[in-house]
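Residue strings, one per chain:
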Amino acid sequence: MSRPLPPGVRAVRLGHGANCSSIGSVVDGLFLAATAGGALFAAVLAALPPPRPDAPVARPRRSDANDDPDADAALDVPRGDPW
Amino acid sequence: MKVRWESWGAWLRTDTPPALVALEDDEARARGLAPPARRPARPMPLEVHLAVTSRCGAGCHGCYLDARPDGEEPPRPQLEAILDALAAADVFTVAFGGGEPTTRTDLADLAMAARARRLVPVLTTSGLGLTPTKIERLRAFGQVNVSYDGAGSAYEAVRGFDGAASAESAIRALTKAGIPVGVNVVLTATTFAHLPATLRRARDLGAREAQLLRYKPAGRGASLDYHAKKLTPSQAASLGPTLRELTLAFADETPAFGLRIDCALVPFLSADPELAHRGDLLEALGIFGCEAGDGLAAVTVAGAVAPCSFLPATDLDAIHLAEGFPSNPGLVALRRSEAPEPCRSCPLQSVCRGGCKVVAHFVGGPAAAGRSLPDPECPRVLAERPSRCERWGERAPSP
């Protein structure tokens with residue numbers, strides 16, 4: 001299956017589950033066909049604030065997720081962000 | 001909608017339908033979201049598991065918290081102060097657990113307190129003794145999951161008593177009350193074989209999703225019994241195909257029935273040829289492996305922060321979560337620990353993060369203290385490190 005999300009959207013975690021011990025994740029999207037899987041996310045993406053009319057088209061994802069001039073390097077503890 | 005800024009962009013929480021969405025920085029700005037002048041310190045948990053009591057009369061054999069009938073019940077002001085701290089830390093979801101949280105008579109007040117702070121409260125319950133009065137206290141929760149490992153003997157094999165009928169009654173009653181309900185199913189060598197029937201039964205009773213949990217050696221589960229109960233290597237390696245079959249079996253049903261796996265089951269996906277090299281897909285679908293001390297935190301009944309509910313608590317008091325979580329030495333060490341090969345080169349490493357540390361340290365014994373070890377039950381680990389696995393008594397499943 002190809003990546004089911006549009007540019008600019010890194011991830012979608014569906015639902016919130018309800019488990020007090022370990023953290024869970026919906027896996028249906030791993031196994032459904034592209035159309036069915038996409039439907040899972042369509043409602044979520046539709047609930048987001050819409051892009052501004054003057055907004056530029058989303059750029060490809062940056063490879064260095066920690067390259068942020070606004071971040072306070074003294075406070076941020078590097079996590080080795082996988083994204 | 002709740003927005004939380006990160007160094008790379010922002011997490012957004014949608015409520016209808018419930019979801020978390022990660023937007024790149026440019027995408028968030030393009031949608032009219034304005035970042036703060038200074039981004040908050042990170043990491044910070046997205047989800048916190050809050051033990052609201054250690055009191056429980058069920059006596060489940062593998063209880064990770066070692067809950068007992070005379071367990072502790074933190075006073076409400078203490079818990080509300082912790083909820084304040086979670087809100088200040090931009091946590092999205094607080095999962096109430098224990099012990100048995102429904103023993104608290106102020107549960108509705110606590111759920112409303114979480115809502116007032118823009119946290120989404122969810123709850124896990126055994127369902128035992130769930131009266132109509134107790135059910136009414138659960139209306140403010142976003143979802144209630146009932147622990148249900150299977151009908152009859154399957155349930156008893158995990159917990160040591162036959163509570164299946166009570167759990168089924170609870171699922172039915174919660175559904176009838178209009179409360180979103182799911183089930184938590186602990187996967188053991190016994191319950192794995194019954195899984196299709198268990199999920200079918202849960203769905204027929206009204207559950208809308210099942211979360212599969214790997215049995216873990218913590219609390220009363222940290223005994224030699226663990227080795228007898230855990231999934232066999234063959235079962236672990238078959239998790240991917242099993243999930244695929246189950247997903248497709250429920251795909252066309254109305255109402256929908258969803259499937260979740262817990263963080264500790266992610267390593268087993270490495271045996272699935274269609275998923276073993278798809279770390280990108282798992283990331284896009286927001287699937288979390290080990291997020292202990294990072295995207296996930298737990299708070300004990302004593303109010304201390306732990307990386308997860310199965311790992312020992314740190315010296316960080318939960319009311320100082322926002323200030324202390326990023327830099328707490330114990331948590332920093334956990335985040336920086338990097339599992340050796342075969343994890344380092346695994347395409348799923350960015351999601352899996354070396355698998356379950358609780359299992360790795362239990363199986364590794366005293367020699368594992370302070371070390372970063374791969375998950376010994378991961379199929380990839382079993383396949384590539386047979387000598388060590390043989391010392392642990394495992395065998396890689398036959399190809």
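Residues numbered from 1 in each chain as written. Chains lettered and ligands numbered in written order. Predicted model: local features only at pLDDT ≥ 70, side-chain atom pairs only at ≥ 80, totals over all residues. Heavy atoms only, no water.

K.L.:
Could you clarify how one ought to interpret the interface of chain B and chain A in this entry?
P.N.:
Accessible area lost during the coming together of the parts is what is often quoted as the interface size. If you look at the interface, chain B gives 88 residues, while chain A gives 58 residues. For the pair chain B and chain A, the summed buried surface comes to about 6,500 Å²; carbon and sulfur atoms form 57% of the total. Our enumeration of links across chain B and chain A arrives at one salt bridge. The salt bridge partner of E24(B) is R10(A), with a shortest N-O separation of 3.6 Å. At the junction of chain B and chain A, the tally comes to 28 residue pairs in polar contact (both at pLDDT 80 or more). Top element by residues in the side of chain B that touches chain A is strand 3 (residues 18-24) of chain B. It accounts for seven residues. Residue composition of the side of chain B that touches chain A, by class: 43 nonpolar, 22 polar and 23 charged. In this sheet, strand 10 (residues 258-262) of chain B lies alongside strand 2 (residues 24-26) of chain A in antiparallel orientation, the contact comprising three bridges. For G24(A), the partnering residue across the bridge sits in strand 10 of chain B and is D262(B). (Contact = heavy atoms within 4.5 Å. Buried area = accessible area lost by both parts, 1.4 Å probe. Salt bridge = Lys/Arg side-chain N within 4 Å of Asp/Glu carboxyl O. Polar contact = N/O pair within 3.5 Å; in protein donor to acceptor, adjacent residues only side chain to side chain. Helix = DSSP H or I, 4+ residues; strand = E, 2+ residues; numbered from the N terminus. Nonpolar A, V, L, I, M, F, W, Y, C, P; charged D, E, K, R; others polar. Pairing = 2+ DSSP bridges.)

K.L.:
Would you explain the sheet that holds strand 4 (residues 47-51) of chain B in this entry?
P.N.:
Paired through their backbone hydrogen bonds, the strands of a sheet run either parallel or antiparallel. The strand order 2(A)-10(B)-9(B)-8(B)-7(B)-6(B)-5(B)-4(B)-11(B)-12(B) describes an open sheet built from ten strands, whose pairing is mixed. Among the strands making up the open sheet, the edge pair consists of strand 2 of chain A together with strand 12 (305-306) of chain B. Sheet analysis places strand 5 (residues 93-97) of chain B next to strand 6 (residues 120-125) of chain B, joined by four bridges and oriented parallel. Bridge pairing in strand 6 of chain B links F96(B) to L123(B). Lying over the sheet, helix 3 (residues 107-116) of chain B contacts strand 5 and strand 6 of chain B, oriented at roughly 145° with respect to strand 6 of chain B. Across the sheet, helix 11 (residues 239-250) of chain B touches strand 8 (181-187), strand 9 (209-214) and strand 10 of chain B, and the angle it forms with strand 10 of chain B is around 160°. (Axes fitted to C-alpha atoms, helices over the stretch in contact; angles between N-to-C directions.)

K.L.:
Just to check I follow, could you spell out the packing of aromatic side chains for this structure?
P.N.:
Pairs of aromatic rings are described using the distance from one ring centre to the other and the angle between the two planes. The final tally for this structure, using the stated rule, is seven aromatic pairs over all chains. Taken together, the ring pairs in this structure connect Y215(B), Y226(B) and F362(B) into an aromatic cluster. Lying over the aromatic face of F288(B), R13(A) brings its terminal NZ or CZ to 4.1 Å of the ring centre. In this structure, R159(B) packs its charged tip against the face of Y155(B), placed 5.7 Å from the ring centre. (Phe/Tyr/Trp six-rings, centres within 6.5 Å; stacked < 30°, edge-to-face > 60°. Lys NZ or Arg CZ within 6 Å of the ring centre and 35° of its normal.)

K.L.:
Can you walk me through the sheet that holds strand 2 (residues 9-15) of chain B in this structure?
P.N.:
An order of 1(A)-3(B)-2(B)-1(B) is seen for the four strands of this open sheet, with the pairing classed as antiparallel. Whereas interior strands pair on both sides, the edge strands pair on one side only; in this sheet they are strand 1 (9-14) of chain A together with strand 1 (2-5) of chain B. Between one strand axis and the next, the sheet turns through 15° on average, direction left out of account. Both strand 2 of chain B and strand 3 of chain B contribute to a ladder of seven bridges, which runs antiparallel.

K.L.:
Sorry if this is basic, but what is going on with the nonpolar core here?
P.N.:
Nonpolar side chains in soluble globular proteins tend to be buried together. Formed by 102 residues in total, the largest nonpolar core has its most connected members in L30(A) and L199(B). Once residues lying within four places of it in the same chain are set aside, the contact partners of L199(B) are V185(B), A210(B), L212(B), L246(B), F250(B), F257(B) and L259(B). Among the nonpolar cores identified, the runner-up in size contains 30 residues, and V186(B), C356(B), V358(B) and V359(B) belong to it. (Core = buried A, V, L, I, M, F, W, Y, C linked by side-chain atoms within 4.5 Å. Buried < 20%, exposed > 50% of the residue type's maximum accessible area, 1.4 Å probe, protein only.)

K.L.:
How should I be thinking about the packing of helix 6 (residues 164-176) of chain B against helix 8 (residues 195-205) of chain B in this particular structure?
P.N.:
The description of two packed helices rests on the angle between their axes and on the distance between the axes. Residue and element names in this part refer to chain B. Running from N to C, helix 6 and helix 8 point in directions that differ by 35°, and their axes come no closer than 8 Å. Along its contact with helix 6, which presents E168, I171, R172 and T175, the element helix 8 presents R201, A202 and L205. Among the residues forming the contact of helix 6 with helix 8, the class breakdown is three nonpolar, one polar and three charged.

K.L.:
Would you mind going over the pattern of salt bridges with me for this structure?
P.N.:
A side chain with one charge may pair with a side chain of the opposite charge, provided their charged atoms come close. All names here are of chain B. With the rule as written, the count across this model stands at 32 salt bridges over all chains. Measuring nitrogen to oxygen at the nearest pair gives 3.5 Å for the salt bridge that ties D90 to R42. Of this pair, D90 sits in the loop between helix 2 (76-88) and strand 5 while R42 sits in the loop between helix 1 (25-30) and strand 4, placing them 48 residues apart in sequence. For D90, a relative accessible area of 22% corresponds to the partly exposed category. In this structure, a network of salt bridges that share partners links the residues R4, E6, R42 and D90.

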